[in-house]
Structure formats: structure tokens, C-alpha cells
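# Structural characterization, general
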Amino acid sequence: MERFAGKVAVVTGGSVGIGRATAVAFAREGAAVVVASRRTDESEMTVKMLKEHGGEGFFVKTDVTQADQIETMIEKTMATFGRLDFAFNNAGVEQQPSPLPEQSEELFDWINNINYKGTWLCMKYQIPQMLKSGGGAIVNMSSIAGEIGFPGVPIYTASKHAVLGLTKAVALEYAQSNIRVNAVSPGAIHTDMYERFEPEVREQLINLHPLGRPGKPEEVAQTVLFLCSEGAGFITGHSLMIDGGYVAQ
């Protein structure tokens with residue numbers, strides 16, 4: 001039985017990697033999916049893939065740092081499907097390790113505008129529509145860097161800590177309104193973002209994960225779907241780590 005038949009999900013950063021895997025997973029479970037991303041060709045491929053799995057959906061070119069673009073994306077969602085049940089706020093960027101004094105103010109603004117402000121803006125426009133639909137579930141993308149400190153990437157680390165604080169605060173604010181808000185905090189996941197790190201950095205990351213491998217995008221996707229499901233109905237304000245045992249050490 002399709003868990004999410006008749007439901008509608010928005011996935012930001014849905015063009016590749018974890019976002020694409022989650023969009024396709026939602027479609028397999030019966031949900032209509034709106035793919036929001038800056039990358040047109042890759043996002044259209046995601047839409048093609050979810051339709052191949054029997055789903056329906058469309059792509060809206062969206063920069064999550066721009067409020068008007070997020071508002072337009074949500075308006076198109078409502079105009080097409082008439083409701084919004086789930087949101088996976090996944091759009092984000094990484095930081096290449098470097099000494100703090102060498103990191104620029106422009107880098108600080110770029111990372112925080114996407115990772116932190118973008119998540120805040122998405123919820124700002126998603127929540128009013130979820131209220132109209134009678135409730136919903138939001139999952140925000142954090143990281144194990146939102147749980148612990150990582151030398152060399154303080155801006156990224158702080159942005160993901162901020163996402164967790166935002167998640168907890170909004171979860172409490174809407175706990176009585178049938179909107180659950182949680183986060184996922186992955187370790188190293190085999191995506192294009194992971195591939196952008198130097199080979200020696202990737203090897204170091206793998207060695208730090210007790211399971212001895214990077215995670216798969218599909219493993220994160222299934223966790224997101226669980227947090228949106230009735231099986232997670234008593235979970236809100238929580239960060240679920242998908243880290244191969246990294247933080248358990």
C-alpha cells in the first residue's frame with residue numbers, strides 16, 4: 001500500500017543526490033512531488049525519474065535565498081495540487097576545509113544564506129499552506145556537523161547547528177497545530193557534494209565512520225520518509241543521525 005497516496009511533498013535541492021533520491025522515494029509511495037532547485041536539467045531529470053516510478057510532479061526553478069522565488073514555488077504547488085503535506089528542506093552547500101583566518105566574509109554569507117536562511121525562508125512559506133491542509137510534516141537537512149564540532153569548517157558547522165536550533169524552535173511553536181518539524185543529520189553520504197572533497201579528505205571521512213563506508217542517498221531518503229509517516233507521529237523537534245556510527249564514538 002502506498003503510504004502517501006493523495007499527499008503532496010516539496011523537496012528543495014531536488015536536482016541530484018539526497019534530494020533526487022527523496023523525491024523519487026516519495027513518488028514511489030504515492031505522493032505528488034514538487035522539485036525545487038536552481039539546476040534545470042538535473043531537476044527535469046529528477047521529474048522524469050519520479051514519473052517513471054508512477055509518480056506525478058513538476059520542477060520549479062528556485063533559489064532558496066530568495067523569498068519571492070520560494071513564495072512562487074509554494075503558490076504553484078497549491079495552484080496545481082491544492083495542498084501541501086510534506087516538505088524536505090534539503091538545499092545546502094558545503095565548505096572546503098581551511099584555516100579560519102583565510103575564510104572570507106563572502107563565504108560566510110553564502111553558506112549561511114543557503115543553509116540557514118534558506119531553511120527559515122522555506123518554512124516561512126510552507127507552514128501557512130500546511131495549516132490550510134490540516135497539518136503536515138517538515139524535515140530539515142542538518143548534518144553531523146550540526147551535532148558536533150569540525151575543525152576547518154566552522155561556517156558550515158555553525159550553519160548546521162543553526163538549522164537544528166531552528167528546527168526545535170519551530171517544532172515547539174507548531175506542536176499544537178498538527179505540524180511536526182524534525183531534522184536529519186547525515187554523516188558522509190556518497191553524493192556529488194562528497195565527490196567534491198579531495199580524495200584524502202574522503203578517505204579520512206570514511207575511516208571515521210565505524211561502518212567503514214559512506215552512506216547512500218537512498219538511506220537518507222528512507223529516513224526522511226519515515227519522519228513524514230504516521231509511524232513517526234509522536235516525533236517532533238528531533239534530529240535523527242544517519243552517520244554509520246560516527247557520533248557514537
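Please refer to the structure placed before this passage.
Residues numbered from 1 in each chain as written. Predicted model: local features only at pLDDT ≥ 70, side-chain atom pairs only at ≥ 80, totals over all residues. Heavy atoms only, no water.

### Comments concerning the packing of aromatic side chains
Counted under the stated rule, the structure contains five aromatic pairs. Both rings, one in Phe-58 and one in Phe-81, keep their centres 5.7 Å apart while their planes meet at 25°; by these two values the pair is stacked. Highlighted residues: Phe-58 in strand E3 (residues 56-61) and Phe-81 in helix H3 (residues 67-81), separated in sequence by 23 residues. An aromatic cluster is present here, built from Phe-4, Phe-26 and Phe-86 joined pairwise through their rings. Across the ring face of Tyr-125, the terminal group of Lys-124 is positioned such that the distance to the ring centre comes to 5.7 Å. (Phe/Tyr/Trp six-rings, centres within 6.5 Å; stacked < 30°, edge-to-face > 60°. Helix = DSSP H or I, 4+ residues; strand = E, 2+ residues; numbered from the N terminus. Lys NZ or Arg CZ within 6 Å of the ring centre and 35° of its normal.)

### So, the sheet that holds strand E1 (residues 8-12)
Reading across the sheet, the seven strands line up as E3-E2-E1-E4-E5-E6-E7 and stay open at both edges, with parallel pairing between neighbours. Single-partner strands in this sheet number two, and they are E3 and strand E7 (239-242). Averaged over all neighbouring strand pairs, the angle between strand axes comes to 15°, with direction disregarded. Where strand E2 (residues 32-37) meets E3, six bridges bridge the pair, whose relative direction is parallel. Within the sheet, the bridge partner assigned to Ala-36 lies in E3 and is Val-60. Strands E1, E2 and E3 of the sheet are contacted by H3, whose axis makes an angle of about 155° with E3. Here helix H4 (residues 105-132) sits on the sheet and contacts E1, strand E4 (86-89), strand E5 (136-141) and strand E6 (179-186); the angle it forms with E5, its principal contact strand, is near 170°. (Pairing = 2+ DSSP bridges. Axes fitted to C-alpha atoms, helices over the stretch in contact; angles between N-to-C directions. Contact = heavy atoms within 4.5 Å.)

### Regarding the pattern of salt bridges
In the structure shown here, the tally under the stated rule is four salt bridges. For the salt bridge of Arg-83 with Asp-85, the shortest nitrogen-to-oxygen distance reads 2.7 Å. By relative accessible area, which is 25% here, Arg-83 ends up partly exposed. A salt bridge links Arg-213 to Glu-219, with the nearest nitrogen and oxygen atoms 2.9 Å apart. According to the relative accessible area criterion, Arg-213 is partly exposed, its value standing at 33%. Through salt bridges with shared partners, a single ionic network connects Lys-7, Arg-83 and Asp-85. (Salt bridge = Lys/Arg side-chain N within 4 Å of Asp/Glu carboxyl O. Buried < 20%, exposed > 50% of the residue type's maximum accessible area, 1.4 Å probe, protein only.)

All quantities given are derived from atomic positions and should not be read as evidence of function.
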